[in-house]
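Tertiary structure, described
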Amino acid sequence: MTKLIKSGAYAQDNFVPVADDAALPDGAVLVSLARFQKDRDALLARNTPIGVKLASDQNPQVLADDLSRLSLVALEFPKFRDGRAFSWARILRTRLGFTGEIRAVGDFLFDQVNYQHRVGFDAWEVSDHFTVEMFHKALNEMTDVYQPSADGKKTIRELRAAK
Amino acid sequence: MSEVTPNMYRYDEFDARFVAERTAQFKTQVERRLKGELTEDQFKPLRLMNGLYLQLHAYMLRVAVPYGTISSRQMRMLAHIARKYDKGYGHFTTRQNIQYNWPKLVDVPDILSDLASVEMHAIQTSGNCIRNVTADHFAGAAADEIEDPRPLAEIVRQWSSLHPEFVFLPRKFKIAVSGAPQDRAALAYHDMAVEIVRNAEGRTGYKVLVGGGMGRTPYIAQVLGDFVEKQDILAFMEAAMRVYNEQGRRDNIYKARIKILTNALGIKEMRRQVEIEFAEIKKTGGLQVPQEELDRITAYFAPPAFETGLSDEIPEAGKDFANWVKTNVHAHRQPGYAIATITLKTPGQVPGDATADQMDVIAELMDTFSVGEVRVSHEQNLVLPHVRKKDLPAIYARLKELDFACANAGLITDIIACPGLDYCDLANARSIPIAQSIALKFEDLARQHEIGELKIKISGCINACGHHHAGHIGILGVDKKGVEFYQLQLGGSGAEDASIGEVMGPGFTEHEIADAVERVVNLYLKTRQPGERFLDTYRRVGMAPFKDAAYEKEAA
């Protein structure tokens, strides 16, 4: 079983994952990039929330023109060592200005959650043993950061300058 | 003599808290591992990011020495750690770090706390992230230097520390910096390298190289940016890192380094993509390095208060001393001063090793003679960067007591060797005994000086930690059906005339290899023209005569 942590708390997952060959149910759906590209017009015409799940080798810039119509982009970690989604999230937030939900799905570790948070993820599909307390602990192990990212956190250089 | 604090980067409250929290974080990771909450597979990337390897016989802890600069206070702590947690010695590496070969996992958090107390850590000394940044070991002292590269190295260190986007890269990423035309940092063999250059208007900026590397597919780095403005350097680096993180191969660890991507895309396409990324990153402005920041960091590395009016002559102190001066003393930018290399290569010793007692004496030498500072060189030696020429005889005398006064810097016995099969989990063959047998064969100092500059580099496997591709004579240990063989490579260079050595042919056994090297060297002595180094002669005459000599074809 998995559950969703969003904005720092357990959350209801309203998006129904839909296989590429399955009929679209009513309500919010989460589809693959291939499905989105195939049924783009029909999906956009439904006026219900749309989520697109990207594999780790899919650059979100292909969604640039449609991002304002998407509510969720799920980025997959096929294995925790595959760090491409860190760049994809950063591009989504900083370059493409995506303000919807960016969800981490797949195989990632407690110890990666803080990095994910920094680059722009705001939702995590986690396994049952992962608690919201662990989530907050992960975010608070390191107080300060050296480099700017998508979280808007003041860098150590900025904190020094403000002293 | 009291402890002298050199001019180098000093932690403020932010750096100190960062390292303290990171140490605490790793402590909990170790606890989770010991309790079984983390599998070894899950623990592995976490411990690697903290410098902890699991080797053949034990854990190995690699401690970062940012850009190779160590204070005497830090050196004493390194000695203390060797004594308390290890077997009384440490090993200085080709990446200017120090490794301990026998720490216990339960002790590692305490070691990291001890290190933190002297502003040191093991962050990002391994793992698929941006590794500890290396620099010219003569930085801030060399006569030929345009600018001290260490302020840039420190800026890069901070930017790359736990960079959230780049801690799970396709593979490790090594950055080196240099501020001098003479390349002492092996720039061309790095994933990314920065050389400080002066443009036509007389302004200094950064030439950025990408895609160099050793391993099973050696490449010489290519130019990614001819002249990057100083304030843009982090944006430029971040752009290159992002292109690599997105497109570097993840299906095969042997093809995952940026050198493979650079050559697959071609340098032109690589440049185009990085330029696009660079322009995008610059738009957000967050990574620009303001002049005030550059000035602030540079101030930490201000030159020490040099005495003026000193004689620029080196005193006479006998023939042995004169030999040592010839090889181990280098030109300093300040009249009356010199740079002195302490080679950790006395024939018979393990290249790069120093005992705790030796480290303590070196700390004393640092305080007494070199404003409390020493550098680790990528050739696994130590360097006293700022010594008065008049003190050189006293330094030499003290080094002699330590058995560290060998006049062999840059000579045939100043051998780089990886830890090899004596320690390393990856190795196919032993490196250390080969280095020792070659060094002992050429122990005679007059002969070494007669041979002149000759860099031998030995790796115990294809991963090339002993830099064999860059050796004038490179030696690669291979395993053939359970027997160790050693292949010769000739003509490599890690300097500004960088080149990849050429493989000679079938390997030699451990008993033959030193003799084969000797035959190669003898042919050089017979063939060389006046003023030619081994490398020059090789480049002039090519492999064939050396090959014949090595396999004794002449005699047949």
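Nothing here was measured: the structure is a model prediction, and the numbers come from that model.

**Comments concerning the overall build of chain A**
- Looking only at helices and strands, chain A has six helices and eight strands in total.
- Against the compact-globule benchmark of 15 Å for 163 residues, chain A has a radius of gyration of 16 Å, which places it among compact chains.
- Principal-axis analysis of the C-alpha atoms places the extent of chain A at approximately 55 × 35 × 25 Å.
- Buried residues in chain A amount to 40% of all 163 residues.

**Re the overall build of chain B**
- Of the regular secondary structure elements, chain B holds 17 helices and 21 strands.
- Taken along its principal axes, the extent of the C-alpha atoms in chain B is 65 × 60 × 60 Å.
- Looking at chain B as a whole, 55% of its 556 residues are labelled buried.
- Taking as baseline every contact in chain B between residues at least 6 positions apart, the subset at least 24 positions apart corresponds to 67%.

**Comments concerning the environment of N101(B)**
All names here are of chain B.
- Relative to the elements of secondary structure, N101 occurs in the loop between β5 (98-100) and α4 (108-116).
- Here N101 falls in the buried class, since 23 other C-beta atoms lie within 10 Å of it.
- As a C-alpha pair, N101 and G90 span 11 residues in sequence and 7.4 Å in three-dimensional space.
- In this view, N101 contacts A58, M60, D86, H91 and Y423; residues no more than four positions away in its chain are not counted.

**Focus: the interface of chain A and chain B**
- Facing the 27 residues of chain A at the interface are 30 residues of chain B.
- The set of elements that each furnish at least two residues to the side of chain A that touches chain B consists of α3 (84-95), α4 (113-119) and α6 (156-162) of chain A.
- Element by element, the count of residues in the side of chain A that touches chain B is highest for α3(A), at six residues.
- A per-class count over the side of chain A that touches chain B returns nine nonpolar, seven polar and 11 charged.

**Considering the pairing of strand β18 (residues 473-480) of chain B**
Residues and elements named next belong to chain B.
- Pairing between strand β17 (residues 456-459) and β18: four bridges, direction parallel. Counterpart to I456 in the pairing with β18 is I473.
- By the bridge criterion, eight bridges tie β18 to strand β19 (residues 483-490) in an arrangement that is antiparallel. Bridge assignment links G474 to a residue of β19, and that residue is Q489.

**Re the domain arrangement of chain B**
All names here are of chain B.
- If you check the domain split of chain B, you get domain 1 (13-116), domain 2 (149-298), domain 3 (319-402) and domain 4 (425-550).
- Each of domain 2 and domain 4 has a C-alpha centre, and these two points are 31 Å apart.
- Taken together, the contact pairs 11 residues of domain 2 with 11 residues of domain 4.
- Per-class residue counts for the side of domain 2 that touches domain 4 are seven nonpolar, two polar and two charged.

**Regarding the nonpolar core**
- Core analysis: the largest hydrophobic core is formed by 205 residues, its most contacted members being V73(A), A89(A), A240(B), L384(B) and V520(B).
- With 10 residues, the single largest contributor to this core is helix α6 (residues 233-247) of chain B.
- Contacts of L384(B), omitting those with residues within four sequence positions, involve A340(B), I342(B), L365(B), M366(B), F369(B), S370(B), V374(B) and I395(B).

**Side note on the sheet that holds strand β14 (residues 373-376) of chain B**
Residue and element names in this part refer to chain B.
- Pairing is antiparallel in the open sheet, where five strands are placed in the order β3-β14-β15-β12-β11. Strand pairing shows two members of the sheet lacking a second neighbour, β3 (69-71) and β11 (329-331), which therefore form its edges. The mean angle between the axes of side-by-side strands here comes to 35°, regardless of whether they run parallel or antiparallel.
- Where β14 meets strand β15 (residues 382-388), two bridges bridge the pair, whose relative direction is antiparallel. Across the sheet, the residue bridging to V376 is L382, located in β15.
- With respect to the sheet, helix α3 (residues 72-85) is in contact with β3 and β14, its orientation differing from that of β3 by roughly 85°.

**Description of the packing of α3(B) against helix α11 (residues 356-369) of chain B**
Residues and elements named next belong to chain B.
- Contact geometry for α3 and α11: axes closest at 8 Å, N-to-C directions at 170°. In terms of orientation, α3 and α11 fall into the roughly antiparallel class. Note on element contacts: α11 touches α3 through A356, M359, D360, I362, A363, M366 and D367, opposite S72, M75, R76, L78, A79, A82 and R83.
- In terms of residue class, the contact of α3 with α11 is made up of nine nonpolar, one polar and four charged.

**Focus: helix α2 (residues 40-49) of chain B**
- Turning to α2(B), its buried residues are F43(B), P45(B), L46(B), R47(B) and M49(B).
- Positive backbone phi, at 80°, marks G51(B), one or two positions downstream of α2(B).

**Some thoughts on the sheet that holds strand β4 (residues 29-32) of chain A**
All names here are of chain A.
- In space, the eight strands of this open sheet follow the order β2-β1-β8-β7-β6-β5-β4-β3, with mixed pairing throughout. Looking along the sheet, the strands with just one partner apiece sit at the ends: β2 (9-11) and β3 (16-17).
- The sheet contact formed by strand β5 (residues 50-54) and strand β6 (residues 72-77) spans four bridges and is parallel. Considered in β6, the bridge of G51 is made with L72.

**Details of the confidence of the model for chain B**
- For chain B, the average pLDDT comes to 95, and 99% of its residues sit at 70 or higher.
- Scored as a whole, the predicted complex attains pTM 0.96, and scored at its interfaces, ipTM 0.97.

**A few points about helix α10 (residues 319-328) of chain B**
- The complete set of buried residues in α10(B) reads F321(B), W324(B), V325(B), T327(B) and N328(B).
- Of the surrounding elements, those touching the buried residues of α10(B) are β11, β12 (337-342) and α12 (392-402) of chain B.

**Here's the deal with the pairing of strand β7 (residues 101-106) of chain A**
All names here are of chain A.
- Along β7, five of the six residues are buried, which leaves the element largely enclosed by surrounding structure.
- In the sheet, β6 pairs with β7 via six bridges, with the strands oriented parallel. Note on β7: the bridge partner recorded for E76 is V105.
- For the segment spanning β6, α3 and β7, crossover handedness is right-handed.
- In this structure, β7 lies alongside strand β8 (residues 123-127), joined through two bridges in parallel fashion. Along β8, the bridge assignment pairs A104 with W124.

So, how was this worked out
- Residues numbered from 1 in each chain as written.
- Chains lettered and ligands numbered in written order.
- Predicted model: local features only at pLDDT ≥ 70, side-chain atom pairs only at ≥ 80, totals over all residues.
- Helix = DSSP H or I, 4+ residues; strand = E, 2+ residues; numbered from the N terminus.
- Rg over C-alpha atoms; globule rule 2.2 N^0.38 Å.
- Buried ≥ 20, exposed ≤ 12 C-beta atoms within 10 Å, placed from the backbone.
- Contact = placed C-beta atoms within 7 Å.
- Nonpolar A, V, L, I, M, F, W, Y, C, P; charged D, E, K, R; others polar.
- Pairing = 2+ DSSP bridges.
- Domains from an automatic or database assignment.
- Core = buried A, V, L, I, M, F, W, Y, C linked by C-beta atoms within 7 Å.
- Axes fitted to C-alpha atoms, helices over the stretch in contact; angles between N-to-C directions.
- Parallel < 35°, antiparallel > 145°, perpendicular 65-115°, else oblique.
- pLDDT = per-residue confidence, 0-100.
- Right-handed = clockwise from strand over helix to strand, strands pointing away.

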